[in-house]
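# Descriptive structure summary
Listed below are the residues making up each chain.
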Amino acid sequence: MARWHQIVAWSLAAAVPLAFLAVFFALPVTALALRGFAPEGQVDLSGFAEVFGRDRTWRIVRLTLALGLAGTFFSVVLGVPGAYVLYRRTFRGQRLLRAFITIPFVLPTVVVGVAFRAVLAEGGPLGFLGLDRTVPAIVLALVFFNYAVVVRTVGGMWERLDPRTEQAARALGASPLRAFWTVTLPALTPAIASAAAVVFLFCSTAFGVVLVLGGIEYGTIETEIWVQTTQFLDLRAAAVLSVLQLTVVTAALAVFSRARSRREAALRLQGLTHQARPLRLWHGPGPRAPRGRPGPDLPATVLTAAVILGLLALPLATLVVRSLRTPTGWGLGNYAALGTTGGRNALTVTVWEAAANSLRVAVDATVIAVVVGTLVALVVSRRPRNRPARAAVSVLDAVFMLPLGVSAVTVGFGFLLTLNRPPLDLRSSMILIPIAQAVVAIPMVVRTVLPVLRAIDPRLRQAAAVLGASPGRVLAHIDGPYLVRSMGLAIGFAFAISLGEFGATAFLARPDAPTLPVVIFRLIGRPGAENYGMALAAAVVLALLTATIMGLAERLRSERTGEF
Amino acid sequence: MTGNTSAAALTITGATVTYGAGDQRTTAVDRVSLSVHPGEVLALLGPSGCGKSSLLRAVAGLEPLAAGSLAWQGEDLAGVPVHRRGFGLMFQDGQLFDHRDVAGNIAFGLQMAGVPRAQRDRRVAELLDLVGLPGFQRRAVRSLSGGQAQRVSLARSLAPEPRLLLLDEPLSALDRALRERLAADLHHILRRAGTTALYVTHDHDEAFTVADRVAVMIEGRVVQVGTPAQLWARPVSAEVAAFLGYRIMTDDDGRTVGLSPRALRLLGPDEVAPAGARGRTLRGTVVRAGFSRGRTTAVVDLPGWGRQDATATGVTAVEPGDQVTVQVDPAGVVEL
């Protein structure tokens, strides 16, 4: 029933993002891969054998998988009880806590690396554990990042589960634990699987945090691509590793997409119909236990409190406290130094100038990511009747998830290879950085906006059409308001990702115009207590910037939306 | 089966709707022909899954026809997209736009038609009066009860003065008492607005209350069309009779008959059939006794008739095992 101008409009809406992706993602990544596989213009696959023959490669692959699995395992094990406490029960200050646990997820990786080192290094509050520069430290930091992903994804579903199913199981004689195990957990499985897949993705492609906490000693595939390209200039090895990473990522994405469609199907069935019950930490005093017995929610609450205080709050607090310690005593000296270029001129610009660069770049990146991401979400949220169009839509959906998994480092380096010479000489125009950051942010924008559009009951659009609204006006009057509701969060995510982006920016930032994360990384690499203090202060500034942006974005939306 | 085609507003000819493809292809609507006359309310009555909603959606333009055609006043609707058909559609669960208030919902169709604001506001107020919710303009749709939401939904569908109003089980999500009251209201509102309507329902009482004519649909086909009185008096088959509430049985003469719920009157042990009463009487044994809506009811084992429900006119003391007399009301029996 589609008319020709509708077909043209939708094709155009699909073509713009596809063209963007082709030029700014497929082209650079392919160019990089070709450098690896066909350095002389001839396909030469000996690189595979050579790279896989190295012990170093296998050590790195093993560590990448181990980090991914460990990070995912602990995020899920700690996150599910957190989801219960923060979404299935109510208590005072819950909204605030929900917002707080989201902060780590959007914090720049460089900031997290610096914060964890401040906690675990000698002299830090947990220095006695001797975890500084060890694998467990990296795992802790990965859980720090991804805890919120699990809590929010699982919590969002849990909050909508009809409690009467579990009550029915209880009435049929199941103990609380058994009812959870046999009724609730299976219902949550799609959400848990979806969260686990995306956390695995984030953990196995982590860059900044591994680089800061692990140094050159502990590498993942992602950091190794960076090391091979920048330190050893071995493009062939980098290309082989990129392909390997793409394989791992595609597999994780396949799991993610299957779990996601099941979750969306399940979500359609339920709304928020019931009131969540308050936390029950203690049973009231009774004849057998005059002072009360531990209540059913106590274990989950204690665990969640421990995670929030020990894992999430401690590094952030330590970062702030340590930033106030200067070589000459406590004070704001480190912050005052942000107006300088650091001890022994470690930097080419002041930290404030870098912060201004970051904000400028972030505005551009956000505009690009939100425009392209929204177009993708609009196209992908359609349910065409004919089969080829449906297939095209699902291909588009999958294609735009790829940047989520392809190393930002690969993207950045690919840009250097392809976009710095005619016909596309963009390198000197400063626009490459926002474009690269937008490529990284687009999947998040899509994943934030798309579920909202997909959750619109198709009959609402039909009702509008029957009332005389043309397809364009249906889009404006029905999809539009929902789109606006999810837009705040999408803008927030895009802005926060751009502010903290390090992998691609590290390649593309010109020495005279670095961004804040680049400056922080440079400062911690330089000797001198004053430089370290400045790095801490700059990290606090960057953290505050991102947290403020996310706080504003959260306020802009009226209800929980999206997947993260 | 079709009425007078020349006078018809909507003409459905051999309409077929299928879902899926290949092996999974199912036919929801099977070569249905029907017509709706101007100002008439025609009910599509059938059990769930009989294809009545698919037919309605096809008329709206939301489902493509696999075969057959639709015409409005003789003009083919094939190339006309949903938003240009000028039909209204009311869903089972309202489908109100929750980002707009009550007035914003009702005015939506007028806004699409480019009606100026002042006129829109007047029409909204008029419709709110019509559906019995005056002054509800600024209410959030989420704050409405189920019955109120359906009234707003009806007002929204009526606002642009659709040529044809399609109602898809508009009352089935409501509870029984509200459903009965709203069905009567709908009857009046549709008459007062002079609306031509196609009304889908699975409830025969509702269909008989709201509609001028009823088309009974079973397994994708229309099996009988008529006024409520015609349908009730002469159901064309046992299937239709059973769906309308008749109990199908074979009597002692070997005829298949349908018994309406009140066809058998239970006489107490000491009661005799009133003099001059029409219809025959039967003797039988009470199997089970009960009480419903102020009357004694009983399952009576009648020789040659089997076990049948009988209802007394008032309260009668009967117990299982009692021998009782049952009087057959000929008006409650249809021969099939």
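Residues numbered from 1 in each chain as written. Chains lettered and ligands numbered in written order. Predicted model: local features only at pLDDT ≥ 70, side-chain atom pairs only at ≥ 80, totals over all residues. Heavy atoms only, no water.

## Notes on a nonpolar patch on the surface
Note the following rule: Patch definition: residues with relative accessible area over 30% and no salt bridge; like charges joined within 9 Å; nonpolar side chains (Val, Leu, Ile, Met, Phe, Trp, Tyr) joined within 5 Å. Computed by Shrake-Rupley with a 1.4 Å probe, the accessible areas treat only the displayed protein chains as cover when residues are assessed. Salt bridges are defined by distance alone: a side-chain nitrogen of Lys or Arg within 4 Å of a carboxyl oxygen of Asp or Glu. A helix here means a DSSP run of H or I that spans at least four residues, while a strand means a run of E at least two residues long, and both kinds are numbered starting from the N terminus.
On the surface, a cluster of nonpolar side chains totalling about 280 Å² of accessible area is made up of Phe73(A), Phe74(A) and Val77(A). With respect to the secondary-structure elements, Val77(A) resides in helix 3 (residues 55-88).

## A short note on the domain arrangement of chain B
All names here are of chain B. In plain terms, the rule: Domain start and stop positions are those given by an automatic or database domain assignment. Contacts between residues were defined by any pair of non-hydrogen atoms, one from each residue, lying within 4.5 Å. Two parts lose some accessible area (1.4 Å probe) when they are put together, and adding that loss for both gives the buried area. Residues adjacent in sequence count toward polar contacts only when both atoms are side-chain atoms; beyond that, a polar contact is any pair of N or O atoms within 3.5 Å, and within protein one must be able to donate a hydrogen and the other to accept it. Under the scheme applied, nonpolar residues are Ala, Val, Leu, Ile, Met, Phe, Trp, Tyr, Cys and Pro; charged residues are Asp, Glu, Lys and Arg; polar residues are all the others, including Gly.
Examined at the domain level, chain B breaks down into domain 1 (5-240) and domain 2 (247-335). Contact with domain 1, which involves 6 residues of that partner, is made by 6 residues of domain 2. At the boundary of domain 1 with domain 2, total buried surface from both sides reaches about 380 Å², with 57% on carbon and sulfur atoms. Linking domain 1 with domain 2 are 0 salt bridges. Applying the counting rule to domain 1 against domain 2 returns 0 residue pairs in polar contact (both at pLDDT 80 or more). Partitioning the side of domain 1 that touches domain 2 into residue classes produces 4 nonpolar, no polar and 2 charged.

## Some points on empty space enclosed by the protein
The gaps left among the atoms become clear once a water-sized probe is rolled over them. Basically, it comes down to this: The rule is simple: put a 1 Å grid over the protein atoms alone, call a set of points where a 1.4 Å probe fits but cannot get out a cavity, call an open set with protein on both sides within 12 Å along at least five of seven lines a pocket, and count a residue as lining if it has an atom within 4 Å of a point. Grid points are joined across faces, edges and corners, and a volume is the space filled by probe spheres set on the points.
Considering all chains together, one arrives at 4 cavities of 30 Å³ or more under this definition. The computed volume of the largest cavity comes to approximately 700 Å³. In this structure, the largest cavity is lined by 29 residues; those nearest its centre are Thr109(A), Phe202(A), Thr205(A), Val440(A) and Ile497(A). Elements that contribute at least two residues to the lining of the largest cavity include exactly helix 4 (94-106), helix 6 (135-158), helix 9 (208-214), helix 16 (402-405), helix 18 (432-454) and helix 20 (471-500) of chain A. When grouped by side-chain class, the residues that make up the lining of the largest cavity number 20 nonpolar, 7 polar and 2 charged. For the lining of the largest cavity, the domains that each give at least three residues are domain 1 (1-35 + 334-564) and domain 2 (55-279 + 298-320) of chain A. Empty space within the second largest cavity amounts to approximately 60 Å³. Lining the second largest cavity are Met90(B), Gln150(B), Arg151(B), Leu154(B), Leu171(B), Leu182(B), Asp185(B), Leu186(B) and Ile189(B). Mapped by element, the contributors of at least two residues to the lining of the second largest cavity are helix 4 (146-158) and helix 5 (176-193) of chain B. Split by residue class, the lining of the second largest cavity holds 6 nonpolar, 1 polar and 2 charged.

## Points about the packing of helix 3 of chain A against helix 8 (residues 176-204) of chain A
Residues and elements named next belong to chain A. Operational definition: Simply put, an axis is a line fit to the C-alpha atoms, just over the touching stretch for a helix, and the angle between two N-to-C directions goes from 0 to 180 degrees. Should an angle fall under 35 degrees it is called roughly parallel, over 145 degrees roughly antiparallel, and 65 to 115 degrees roughly perpendicular, with every other angle called oblique. Should the near helix be turned anticlockwise from the far one by less than a right angle, the crossing is left-handed, and should it be turned clockwise, the crossing is right-handed.
At a minimum axis distance of 8 Å, the contact between helix 3 and helix 8 shows a crossing angle of 140°. Relative to helix 8, the element helix 3 is oriented oblique. You can see that helix 3 and helix 8 cross each other, and the crossing is right-handed. Contacts from Thr64, Leu65, Leu67, Gly68, Leu69, Gly71, Thr72, Ser75, Val76 and Val80 in helix 3 reach Ile192, Ala196, Val199, Phe200, Cys203 and Ser204 in helix 8. Residues of the contact of helix 3 with helix 8, tallied by class, amount to 10 nonpolar, 6 polar and no charged.

## Digging into the domain arrangement of chain A
Residues and elements named next belong to chain A. Per the domain assignment, the segments of chain A are domain 1 (1-35 + 334-564) and domain 2 (55-279 + 298-320). Here the C-alpha centroids of domain 1 and domain 2 sit 22 Å apart. Here domain 1 and domain 2 share an interface that buries about 3700 Å² over both sides, 72% of which is from carbon and sulfur atoms. Connecting domain 1 to domain 2 are 0 salt bridges. Applying the counting criterion to the domain 1 and domain 2 interface returns 0 residue pairs in polar contact (both at pLDDT 80 or more). Counting residues per element, the ones that place at least two in the side of domain 1 that touches domain 2 are helix 1 (4-37), helix 16, helix 17 (408-418), helix 18, helix 20, helix 21 (503-508), helix 22 (516-525) and helix 23 (529-556).

## Section: the sheet that holds strand 1 (residues 10-19) of chain B
Residue and element names in this part refer to chain B. Condition: Only strands that DSSP links by at least two bridges are regarded as paired with each other.
Taken in spatial order, the 4 strands of this open sheet run 2-1-4-5, and their pairing is antiparallel. Each of the sheet's edge strands pairs with one partner strand only, and the pair in question is strand 2 (26-36) and strand 5 (75-76). Judged from the 2 bridges that link them, strand 4 (residues 67-72) and strand 5 form a sheet pairing that is antiparallel. Of the residues in strand 5, the one forming a bridge with Trp72 is Glu75.

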